[in-house]
Amino acid sequence: MNVKELYESMGLPPLLDGTIRTAEDWERTRRPALLRLLEEQEYGIRPLERPQGVQYTVTGEETGPKGIRRRDIAVLIPNPHGGDALRIRAYLYLPQENAGPRAAFMMLNMRWNPAFDAKPPFPGMENYFAYQAVTARGYALVSVNVDDAAADADDGFHNGVFSLFDGERNATSWGVLSAWGWAASRVLDYLETDPEVDAARVAVLGHSRLGKAALWAGARDSRFAMVIANSSGCGGAGISRDTRAETIEAITRNFPHWFCGNYRQWGNREHEAPFDQHTVLAMVAPRLLYVQSSAEDPFCYTPNEYRGAAATAPVYRLYGYAGLGDAVAQPLIDRPVHGDRVGYHVREGGHNLKLADWNWFMDFADTRL
Ligand code: GCU
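This write-up is about the structure you can find in this document. These numbers come from a predicted model, not from an experiment.

1. Quick look at the sheet that holds strand S6 (residues 197-207)
(1) Moving on: Pairing is mixed in the open sheet, where ten strands are placed in the order S1-S2-S3-S5-S4-S6-S7-S8-S10-S9. Every other strand in the sheet has two partners, leaving strand S1 (55-63) and strand S9 (337-338) as the edge strands with one partner each.
(2) Moving on: Summarising the sheet, strand S4 (residues 102-109) and S6 pair through five bridges and their orientation is parallel. Its bridge partner lying in S6, Met106 is registered against Val204.

Okay, structure coming up:
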């Protein structure tokens, strides 16, 4: 099968309409229109970027194994209603040597202080936060406490950043995934001020629900040079038109707070939606995109994630890149496909983020980021 046949067989909405011939056309008209569509129909509209009066605190440089350094960062966002500032915490891990600005991986995490000796947040996730491997290869690693910005809870959007900036909400108001991505952008604002990070070479990543959030973060903020969606499934890299795994109907019933109100109307009507997850993935072009699948993922039918990545090719081609290429064939387990600006692999095992995944992300990034 080739990319054209992929679109036909799945009924994917085309990314380019007949009038889009160049990257300039794409950026001027089509990309903004699709981004708006995704905001209004799936993740919700982020109310404001770069609020006024933001302050950063940087405390406690602590040294751990192998001389790895950690800085604790807080982004303080003033409360327009006069209450306490919103505090988004992040932890920056750096190799022993200060060698000037480095490329970085920015990982979205739940409230969990990744101290040097901390146990990972979930059992069996030893390598989930692979700070030793990442710093050993010369990268910085920054972990963002995204739930400082929005709790992973359906409380009617009264907590965190919602209480600060939202007025009347409607069906296009942002959900929690979008708020988490907004937090990532605010930490990127900080990184632009840190002399040890090259903010033009930051890869944003997350696993599972945080993989969905990382993808949308990177779609929405073009400053991220690379975007990695790990086991992101429904609402992430997985095409929703093929309903062999978690569906829009199920995800919006179980996690209504993740999306904007409009998204649930596409449940059981995936084939009528004027977008699918390849639309979100294509927002990353021409930047670096990486989609990871876990072979035994209960939430995702892994070919749907691969097809999402493969279907971005028409947009990468506008920029002269091949993406994953024109041939569409589900890659073998543990055989990464590192294409032209787009990478994909399916790792053996379950729904997880492991050292093997990190190593393949870094292999891809080493020569491209
Ligand atoms: C739920 C949800 C998935 C999500 C997963 C996770 O199971 O249905 O969409 O990816 O949680 O975040 O681990």
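From this point, the discussion proceeds with the structure in view.
2. Some thoughts on the site of the ligand
(1) Moving on: Looking at the ligand, the residues that line it are Ser208, Arg209, Lys212, Glu246, Ile251, Phe255, Trp258, Phe299 and His351.
(2) Moving on: Between an oxygen atom of the ligand and a side-chain N or O atom of Ser208, the distance comes to 2.6 Å.
(3) Moving on: The contact in question runs from an oxygen atom of the ligand to an N or O atom on the side chain of Glu246, over 2.4 Å.
(4) Moving on: Surface burial for the ligand is 85%, taken as the share of its 320 Å² of free accessible area covered by protein chains.
(5) Moving on: Its residues placed into classes, the shell around the ligand shows four nonpolar, two polar and three charged.

3. Structural notes on the nonpolar core
(1) Moving on: Residues Ile88, Phe105, Met106, Trp180 and Trp358 are the most contacted members of the largest nonpolar core, which totals 122 residues.
(2) Moving on: When residues in this core are grouped by element, the largest group, eleven residues, is from helix H5 (residues 176-191).

4. A closer look at the pattern of salt bridges
(1) Moving on: By the definition in use, this model includes 34 salt bridges.
(2) Moving on: Between Arg137 and Asp366 there is a salt bridge; the shortest N-O distance is 2.8 Å. Residue Arg137 is found in the loop between helix H3 (131-136) and strand S5 (140-145), and its partner Asp366 is found in helix H11 (residues 355-366); the two are separated by 229 residues along the sequence.
(3) Moving on: Among the salt bridges present, the one from Asp276 reaches Arg241, with a minimum N-O distance of 3.1 Å. Separated by 35 residues along the polypeptide, Asp276 in the loop between helix H7 (248-254) and helix H8 (277-282) and Arg241 in the loop between strand S7 (226-230) and H7 bring together distant segments of the chain. Just as Asp276 is buried, Arg241 falls in that class too.
(4) Moving on: Connected through salt bridges with shared partners, the residues Arg36, Glu39, Glu40, Arg46, Glu49, Arg50, Arg186, Asp189, Glu192, Arg220, Asp221 and Arg223 form a single ionic network.

The rules we used
Each chain has its residues counted from 1, following the order in which its sequence is written. Thresholds applied to this predicted model are a pLDDT of at least 70 for local features of residues and 80 or more for the giving and counting of side-chain atom pairs; totals over whole chains, interfaces and linings are not thresholded and use all residues. Heavy atoms throughout the structure, all of them, feed into the side-chain values; hydrogens and water do not. Any two strands between which DSSP finds at least two bridges are classified as paired. Secondary structure follows DSSP: runs of H or I at least 4 residues long count as helices, runs of E at least 2 residues long count as strands, and numbering of each begins at the N terminus. A single heavy atom is enough: if one lies within 4 Å of a molecule or strand, its residue is considered near that molecule or strand. Pairs of N or O atoms are called polar contacts if they sit within 3.5 Å, as long as, within protein, a hydrogen donor faces a hydrogen acceptor (for residues adjacent in sequence, only side-chain-to-side-chain pairs). Throughout, the Shrake-Rupley method with a 1.4 Å probe supplies accessible areas, and for residues the shown protein chains are the sole cover considered. The classification used treats Ala, Val, Leu, Ile, Met, Phe, Trp, Tyr, Cys and Pro as nonpolar, Asp, Glu, Lys and Arg as charged, and all other residues, Gly among them, as polar. Take the buried Ala, Val, Leu, Ile, Met, Phe, Trp, Tyr and Cys residues and link them wherever side-chain atoms come within 4.5 Å; each set so joined is a nonpolar core. In this scheme, a residue with accessible area under 20% of its type's maximum is buried, one over 50% is exposed, and one in between is partly exposed, where area comes from a 1.4 Å probe on protein chains only. Each reported salt bridge corresponds to a side-chain nitrogen of Lys or Arg within 4 Å of a carboxyl oxygen of Asp or Glu.

Just distances and angles here, no functional claims.
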